[in-house]
Amino acid sequence: MKARFSTLILSLFVFANSALTQQFEFYPNARFDPAVPTLEQVVGHKWGEKITMHHEVEKYIHKLAEVSKNIRVVKYGETWEGRTLYYMIVASEQNLARIDEIKIGMQKLSDPRQITSAEADRLISSLPAVTWLAYGVHGNEISSTDAALLTAYHLAAAQNDTLAQIVLQNSVVIIDPMENPDGRDRFITYFRQTTGRWPDADQQAAEHRETWPNGRSNHYLFDMNRDWFALTQPETQGRVKAFLEWYPQVFVDLHEMGSNSTYYFAPPADPLNPEMPLAQIEMLKKFGRNNAKWFDRMKFDYFTREVFDSFYPGYGEGWPIFNGSVGMTYEQASARGLVVKRDDETTMRYRDTVQHHFISSLSTAETSAKNRAEVLRYFYEYRRSAIEEGKTGEIKEYLIVPGSDPNRTAKLANLLKTQGIEVKKAVAAFQNRRVEDYYGGAVQAKNFPAGTFIVSLAQPAKRLAKTLMEKHVAMDDKFIQEQLRREKKRLDHQFYDVTGWSLPLLYDVECYRARDASVGNFSLLGSETSSQIIGGKAQLAYLIPWGTNAAAKALASLHRKGIRVFGADMEFTLNGRKYPRGTLIVKVKDNPDNLYETLAEIAKSENLEIIATNSSWVDDGVNFGSGNVQFLEKPKIVLAYNTPASSLSVGWTRYLLEQAYGYPVTIVHTNQLGNADLSRYNVMILPDAFGSYDRELGEGNAVKEWIRKGGTLITYGNATQWLTGEKVGLLATSRELKGGKADKDEKKDKAEKKEENKPDLTKPFDVEKEIQPEKELPIESPGPIVRISLDTEHWLAFGYDGDANVMVNSRNIFTPLKLDKGTNVGLYMPEDKLVLSGFIFEDSKKQLPNKAYLMHQPHGSGHVVAFAEDPNTRAFFDGTNLLLMNAIFFGPAH
């Protein structure tokens, strides 16, 4: 009886849920062409009934393209896990028939130098507007992909909707339905594994609470909504390439946020980037007003301006903004499943979230289509005015000298070129009469060598180029004052992302700002190489000078191929050439017979100069057989994976090692490290963490024993804080409290507080002083780029000339090590030289100078190498790569 009753209840639930879905109208009173299939007819579930997976999306969009005369599907990339990335072109039959002509027209409008004003007028009068709708860059922000499919279906199948007809006739809509399929399928798999007999609306239910690393990120655990100018991930690379083929006038990145929120669309919050002209800001309001009209009609709640700024150029809205698009972020409160009970006691279903994104997509496309000529004119003027600003502005161009690492400099130049920025290269030496050093100094004449890269601002991509190349992008003073007010009251600050990102600083290259346009023999950037083995086939050894990222890649390749390598801890001079500390010595003896061919292949692949020598007699410095020349033991790396480690920090390090440097790393769950056979590894990396490693690693006894036997432990950020605990005791420093006291100096604090608490009735009560917290950490620094000094005699700083640029994105300030405990390899510069780019609070600016960024403490035969911050932030800090590579490749040798 109970079984039959349960079956009846289940049947009624399924029927009721199905009936609700069936009756639910995403777009009231719409009629659709029965020849165009619905999602249910192709993959088996209705709109918003289930969360659609990548293979189902593939199946549906190809079916739409097969049946509809208004849709084409284009492959634009592939994820790390092999899932294909697509976009759909949605337009009228007439516009689809001339799609190549439209793309050519957009290319012409994007470069006003190539056309007359009359031709621009003709193009504006004849071309459709291009609207790009991008969905789901964060894989667990699920509703956007299903909204993308519904938007495509509606535009292709709606028979009684004038909006759809106007959109098809007056515009081309590019729909990227799934920007992050690896993350999305990771989320859906988890959701299906944790969902019970019925979806659970309780926000605390497991189906709504993903486990580490969650579906937000891609395979390498990158937040791809921060990768647009760094271009580290294949998904982003494919999107940027496709974007530059179309130059859309409107670009929307559709996201999700917390379940208890409502819906966000533009205009954005402060601060606005100063490279956003007034016309662009007004366009954002135009689109916002139309969205508001639709949301009011549908009785959807929304908000604008309060959160989500347009300051950082790496966002999915930000990078398009600086190319001239009306770039916007839309955020929908997430069901994180099929149904959720919100704090206001309303129930939100997945279909509701899909509908909201669907309506905002149609509203955006409508605004573009109805304002076709205005949108095209705006885009053309944006690009034209950028050229004029570049011609008349104080800074005319940026000059990047090849410097000590020409490959790293060339990588930066090619990165700019890849995102549509014109870069020229000097064929011969030249002079510019008015330049200033990037780090400051007088304006003066300077000679530049052949190979110097020139980034002129008199180009259509001026606003993107300046935003990426300028040392510091200023924030509105009113916004800054508000953050200072909030900090004084201990309210959360409103910095949404990092405040420093200057590419010359990230790459640590020699750069100059020119106030005159350079004149000389320049060519457009090509792909020249200069790899070679100088001296031919050696009888004794080959030398690779240390100090470039390419040298580190070469060492990784040599280890991978089983080649024996030595490293010099001291400088030496051979045949009149000076070799720096860290120089690699690859001896012919004890290496394979094909050593020359192997090195020639490495020289070519890394664009690297390798020097052959048949003599080890040095003019100065250490000989090859010196005790200061170390055999470089092959690193066997283990990387902590899973909680408490930050998935981002894990991903950045793993990507850097495996993909950027081509070196293998073993990932092991953090809670298994204490019981693992650590003798298989000689390098361990504990990434930055949310919280402490205490629960997973305890007092770290197994790790301590492994270090004493010769292991090299590398830690970042909060992992470094774990080392300083009294029970762990692997790093003889303390994280400081605000004002400079040690975090663990409790007895001293109590004694001082007892003395301070004695009231002095002769003085007025100082309320500001008395309400200050007794014990608090420094305020979190919102990602400024600062400078550190380096001890270049230490092997951790080999390859540097005495300083480096790093990011501060935490509350961590560590007291330097005592001389008898270890070495402070990297210290923050004095206050007057500290901050290079971005914002830092005054208290931190005064407390950080001369504090430890990079510390080395020996234990037995091994080492602890501790970074105060993650040196690999977003894998875009190419200038600090060698600090980590030194730790990995030189640690086991010392």
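The rules behind these values
Residues numbered from 1 in each chain as written. Predicted model: local features only at pLDDT ≥ 70, side-chain atom pairs only at ≥ 80, totals over all residues. Heavy atoms only, no water. Pairing = 2+ DSSP bridges. Helix = DSSP H or I, 4+ residues; strand = E, 2+ residues; numbered from the N terminus. Axes fitted to C-alpha atoms, helices over the stretch in contact; angles between N-to-C directions. Contact = heavy atoms within 4.5 Å. Buried < 20%, exposed > 50% of the residue type's maximum accessible area, 1.4 Å probe, protein only. Arc of directions from axis to C-beta. pLDDT = per-residue confidence, 0-100. Salt bridge = Lys/Arg side-chain N within 4 Å of Asp/Glu carboxyl O. Polar contact = N/O pair within 3.5 Å; in protein donor to acceptor, adjacent residues only side chain to side chain. Phe/Tyr/Trp six-rings, centres within 6.5 Å; stacked < 30°, edge-to-face > 60°. Lys NZ or Arg CZ within 6 Å of the ring centre and 35° of its normal. Parallel < 35°, antiparallel > 145°, perpendicular 65-115°, else oblique. Nonpolar A, V, L, I, M, F, W, Y, C, P; charged D, E, K, R; others polar. Patch = residues over 30% accessible without salt bridge, like charges linked within 9 Å, V, L, I, M, F, W, Y side chains within 5 Å. Areas by Shrake-Rupley, 256 points an atom, 1.4 Å probe, with all protein chains shown as cover. Left-handed = near helix turned anticlockwise from the far one by under 90°.

Turning our eyes to something else, we now look at the sheet that holds strand β27 (residues 629-631). On the basis of which strands lie adjacent, the open sheet formed by six strands has the order β19-β25-β20-β24-β21-β27 and mixed pairing. Because the sheet does not close on itself, it has two edges, and the strands there are β19 (532-534) and β27. Going from strand to strand, the sheet's axes swing by 30 degrees on average, the running direction of each strand aside. Where strand β20 (residues 541-544) and strand β24 (residues 584-587) come together, four bridges link them in antiparallel fashion. Paired with leucine 543 across the two strands is isoleucine 585, which belongs to β24. Where helix α20 (residues 595-606) meets the sheet, its contacts fall on β19, β20, β24 and β25 (609-613), and the angle it forms with β19 comes to roughly 125 degrees.

Spatial strand order, β23-β22-β26: three strands in an open sheet with antiparallel pairing. Edge positions in the sheet fall to β23 (577-579) and β26 (620-621), since each has one partner strand and no second.

A few words now on helix α6 (residues 117-126). Each full turn of the α-helix corresponds to 3.6 residues, which orients residues three or four apart in the same direction. Three or more residues of α6 are buried, namely Ala120, Leu123 and Ile124. Taken down its axis, α6 places every buried residue within 100 degrees of arc, on the same side. Structural note: α6 exposes Ala118 and Ser125 on the side pointing more than 90 degrees away from its buried face. Looking at the packing, one finds that the buried side of α6 touches α5 (99-110) and α14 (372-392).

So, about the confidence of the model for the chain. When pLDDT is low, close inspection of the predicted coordinates is not appropriate. Averaged over every residue, the pLDDT of the chain is 94; the share at 70 or more is 95%. Long-range and interchain partners of residues 1-21, a stretch whose pLDDT sits below 50, account for 13 contacts in this model, where long-range means more than four residues apart.

Summed over the entire model, instances satisfying the criterion amount to 59 salt bridges. Between arginine 342 and aspartate 344 there is a salt bridge whose closest N-O contact spans 3.6 Å. Look at arginine 342 and you get buried, because its relative accessible area is 13%. Given a relative accessible area of 46%, aspartate 344 falls into the partly exposed group. With a closest N to O distance of 3.0 Å, glutamate 609 and arginine 577 form a salt bridge. With glutamate 609 in strand β25 and arginine 577 in strand β23, this residue pair connects regions lying 32 residues apart in the sequence. Assessed through its relative accessible area of 29%, glutamate 609 is described here as partly exposed.

We now examine the side chain of asparagine 273. Topologically, asparagine 273 is positioned in the loop between β7 (269-272) and α11 (278-298). By relative accessible area, which is 2% here, asparagine 273 ends up buried. From its side chain, asparagine 273 meets the backbone nitrogen of glutamate 275 in a polar contact 2.9 Å long. Once you skip the residues sitting within four places of it in the chain, asparagine 273 turns out to touch Ser310, Phe311, Phe322, Thr467, Val473 and Trp501.

Turning our eyes to something else, we now look at the packing of aromatic side chains. One pass over the structure, following the stated rule, counts 60 aromatic pairs. Both rings, one in phenylalanine 295 and one in tyrosine 302, keep their centres 6.2 Å apart while their planes meet at 90 degrees; by these two values the pair is edge-to-face. Tyrosine 302 gets classed as partly exposed once you look at its relative accessible area, which sits at 31%. Taken together, the ring pairs in this structure connect Phe229, Tyr264, Phe303, Phe308, Phe311, Tyr312, Tyr315, Tyr496, Trp501, Phe876 and Phe877 into an aromatic cluster. The ring of tyrosine 382 carries the charged tip of arginine 463 above its face, separated from the ring centre by 4.4 Å.

The next thing to look at is the pairing of strand β1 (residues 71-78). When β1 meets strand β2 (residues 84-90), the two strands line up antiparallel, connected through seven bridges. Note that in β2 the partner of glycine 77 across the bridge is leucine 85. Once β1 ends, the chain turns through five residues before running back antiparallel as β2, passing glycine 82 with a positive phi of about 90 degrees.

In the contact formed by α5 and α14, the axes pass within 8 Å of each other and the chain directions differ by 45 degrees. Taken together, the axis directions place α5 and α14 in an arrangement best described as oblique. Here α5 contributes Met106, Leu109 and Ser110 to the contact with α14, which in turn contributes Leu376, Phe379, Tyr380 and Arg383. For the contact of α5 with α14, the class distribution of residues is five nonpolar, one polar and one charged.

On the surface, Phe765, Val767 and Ile771 cluster together into a nonpolar patch covering about 350 Å² of accessible area. Position of valine 767 among the secondary structure elements: in helix α26 (residues 767-770).

Put simply, tryptophan 212 and proline 213 share a cis peptide bond, and its omega is 5 degrees. The phi dihedral of leucine 231 falls on the positive side, at around 55 degrees, and the residue is not glycine. Here leucine 231 shows up in the loop between α9 (181-194) and α10 (234-246). One non-glycine residue, asparagine 607, lies in positive phi territory at about 55 degrees. With respect to the element layout, asparagine 607 can be found in the loop between α20 and β25.

Turning our eyes to something else, we now look at the environment of leucine 713. Along the polypeptide, leucine 713 turns up in strand β31 (residues 712-716). Since its relative accessible area comes to 0%, leucine 713 is described here as buried.

For a regular strand, side-chain orientation follows a simple rule: the groups alternate between the two sheet faces. One ladder, built from four bridges, connects strand β12 (residues 397-401) with strand β16 (residues 453-456); its direction is antiparallel. Note on β16: the bridge partner recorded for tyrosine 398 is valine 455. Relative to β16, strand β13 (residues 424-426) runs antiparallel, the two sharing two bridges. Looking at the pairing, lysine 424 lines up with isoleucine 454 of β16.

The subject of this paragraph is the packing of helix α19 (residues 549-560) against α20. In contact at an axis separation of 10 Å, α19 and α20 are set at 140 degrees when each is read in the N-to-C sense. Comparing their axes, α20 and α19 come out oblique. The two elements α19 and α20 meet at a crossing, and its hand is right-handed. On α20, the residues that touch Ala550, Lys553, Ala554, Ser557 and Leu558 of α19 are Leu599, Ile602 and Glu606.

We now examine helix α23 (residues 701-708). Among all positions of α23, only Val703, Lys704, Trp706 and Ile707 are buried. An end-on view of α23 places all buried positions within 165 degrees of arc, on one side of the element. Against the buried residues of α23 lie β30 (683-686), β31, β36 (852-859) and β37 (862-867).

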